[in-house]
Amino acid sequence: MTTVTSSQKTADETPGIVASGSQRIVISVDAMGGDLGPAAVVAGVALSAEKNPNIGFILHGDEPTLQKLLKKRHNLTDVVEIRHADEIVTMDAKPSHVMRNGKKTSMWSTVDAVRNGEASVAVSCGNTGALMALSMIRLRKLPGVNRPAIACLWPSNNPGGFNVMLDVGADIRADEQDLLQYALMGASYARNGLGLKHPRIGLLNVGTEEHKGRAELKDAHDLISAAADQAMFEYVGFVEGGDIPSDRVDVIVTDGFTGNIALKTGEGTASFISSSLKNAFKHSLLSRLGALFALTSLKRLTKRIDPRRVNGGVFLGLNGTVVKSHGSADSTGVSAAIKLAFTLGESGFSEKLAARVATAAQSRQNETPAEATPNKDSAADVTTTKNGTSE
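These figures come from a predicted structure and were not determined experimentally.

So, how was this worked out
Residues numbered from 1 in each chain as written. Predicted model: local features only at pLDDT ≥ 70, side-chain atom pairs only at ≥ 80, totals over all residues. Heavy atoms only, no water. Axes fitted to C-alpha atoms, helices over the stretch in contact; angles between N-to-C directions. Helix = DSSP H or I, 4+ residues; strand = E, 2+ residues; numbered from the N terminus. Parallel < 35°, antiparallel > 145°, perpendicular 65-115°, else oblique. Left-handed = near helix turned anticlockwise from the far one by under 90°. Contact = heavy atoms within 4.5 Å. Nonpolar A, V, L, I, M, F, W, Y, C, P; charged D, E, K, R; others polar. Patch = residues over 30% accessible without salt bridge, like charges linked within 9 Å, V, L, I, M, F, W, Y side chains within 5 Å. Areas by Shrake-Rupley, 256 points an atom, 1.4 Å probe, with all protein chains shown as cover. Salt bridge = Lys/Arg side-chain N within 4 Å of Asp/Glu carboxyl O. Buried < 20%, exposed > 50% of the residue type's maximum accessible area, 1.4 Å probe, protein only. Pairing = 2+ DSSP bridges.

**Student:** Quick one: what's the story with the packing of helix α1 (residues 37-51) against helix α2 (residues 63-70), residue by residue and with numbers?
**Tutor:** Closest axis-to-axis distance for the α1/α2 pair is 10 Å, and the angle between their directions is 45°. Comparing their axes, α2 and α1 come out oblique. Of the two elements, α1 crosses α2, and the hand of that crossing is right-handed. Across from P38, A39 and V42 in α1, the residues of α2 making contact are T65, L66, L69 and L70. Here the contact of α1 with α2 is built from residues that sort into six nonpolar, one polar and no charged.

See the structure below:
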């Protein structure tokens with residue numbers, strides 16, 4: 001299968017997220033990762049292929065197993081290539097072990113397809129720690145990035161329907177410089193993924209007052225505020241947990257420890273509300289009749305809070321785009337992750353972010369440490385490190 005990449009735009013353009021209709025974006029998919037096995041992944045691939053003729057796939061995994069599953073999916077005959085992999089990265093595998101011994105795994109092969117330019121984006125439901133570790137050693141960090149982050153879409157009251165939150169699990173540690181990086185990367189993701197020219201950034205804290213929070217949060221508050229004008233985003237200050245799905249902010253910045261807990265709590269709450277509504281409407285004959293009258297609205301609500309619809313965290317700060325799907329994702333969840341991968345691949349997100357970071361790194365090399373601040377022409381979509389160089 002020949003990989004076709006999206007047309008290049010200048011780094012300063014705000015990319016669209018609508019398929020061009022004339023190009024095929026190839027997605028590299030780890031078919032063996034996830035709790036539900038390759039059957040769920042192939043079913044998700046089939047759903048995506050039905051909805052969008054501009055997607056092609058490279059499936060990585062056990063070839064006999066995948067061939068058997070693909071025989072049942074006639075719509076995948078011309079859009080899927082299988083890459084055989086002998087081994088699988090299990091959910092309990094240690095990242096260090098996978099980095100040393102994982103060359104024959106489907107996950108390694110999936111990431112390498114992006115590294116080699118055969119696919120635009122990699123998608124995996126597998127072990128998060130192992131996927132991040134492999135992505136970092138195979139794709140490498142962009143120059144100017146200290147810690148990569150995982151960004152997720154969160155249902156919100158904003159007109160576009162979603163907010164961006166990062167980090168949600170790449171690294172549990174984050175100092176003030178890391179949080180500034182996350183703010184800049186999150187702003188870039190919001191521009192490329194949501195089409196927001198001037199995204200609003202909020203820093204997650206235990207309160208909105210400036211005197212609250214840990215020392216690194218107060219320092220990050222000052223850094224992000226100082227960078228806002230030149231980086232072309234609006235900093236709204238500290239935000240609380242209740243602001244995550246609100247229309248007050250577009251990007252929520254936090255460390256991976258807090259972000260991952262918030263993400264899992266939100267997903268669990270959504271599932272609880274959905275199951276509670278079903279049980280409530282089954283309680284009596286009158287409640288069943290009420291459910292019939294409210295059926296359309298209930299379906300709309302269920303779809304709105306369904307965690308599967310926003311499945312997929314994006315690894316930011318690497319020389320290539322990787323989307324991490326939930327390990328328990330079913331066909332709907334896998335399809336959602338692929339849709340996100342296609343959106344970013346079609347927009348040329350990875351190339352634009354790399355161009356921005358390279359421009360910023362060059363700019364900072366020409367400045368003295370005291371002068372090193374985000375540049376207006378380059379910092380809109382860039383990240384910075386503690387010393388302005390790649391670590």
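**Student:** Help me get a handle on a nonpolar patch on the surface, residues and values and all.
**Tutor:** On the surface, I172, F257 and I261 cluster together to form a nonpolar patch covering roughly 320 Å² of accessible area. As for its position among the elements, I172 is in the loop between β6 (162-166) and α6 (176-194). I172 sits in the exposed class, given a relative accessible area of 58%.

**Student:** So what about the pattern of salt bridges? Which residues, and what values?
**Tutor:** In total, this model carries nine salt bridges according to the counting rule given. With a closest N to O distance of 2.8 Å, E81 and R83 form a salt bridge. The shortest N-O distance in the salt bridge between R214 and D255 comes to 3.5 Å. Taken together, the residues R214 in the loop between β7 (200-204) and α7 (215-231) and D255 in the loop between β9 (251-253) and α8 (256-281) connect sequence positions 41 residues apart. Put simply, E81, R83 and E118 are held in one network by salt bridges that share partners.

**Student:** So what's going on with the pairing of β6? Residues and values would help.
**Tutor:** Remark: a regular strand shows side chains that alternate across the two faces of the sheet. Where burial is concerned, most of β6 is hidden: five out of the five residues are buried. Residue alternation in β6 divides its side chains into two sets, F162, V164 and L166 and N163 and M165, and both sets are buried. Between strand β5 (residues 149-155) and β6, which pair antiparallel one after the other, the connecting turn spans six residues, and G161 there sits at a positive phi close to 90°. One ladder, built from three bridges, connects β6 with β9; its direction is parallel.

**Student:** Describe the packing of α6 against helix α11 (residues 331-347), with residues and values.
**Tutor:** At their nearest, the axes of α6 and α11 sit 9 Å apart, and the two run at 95° to each other. As the angle between them shows, α6 and α11 are arranged roughly perpendicular. For the pair formed by α6 and α11, the contact residues are Y189, N192 and G193 on the first element and L340, T343, L344 and S347 on the second. When the residues that make up the contact of α6 with α11 are grouped by side-chain class, the tally is three nonpolar, four polar and no charged.

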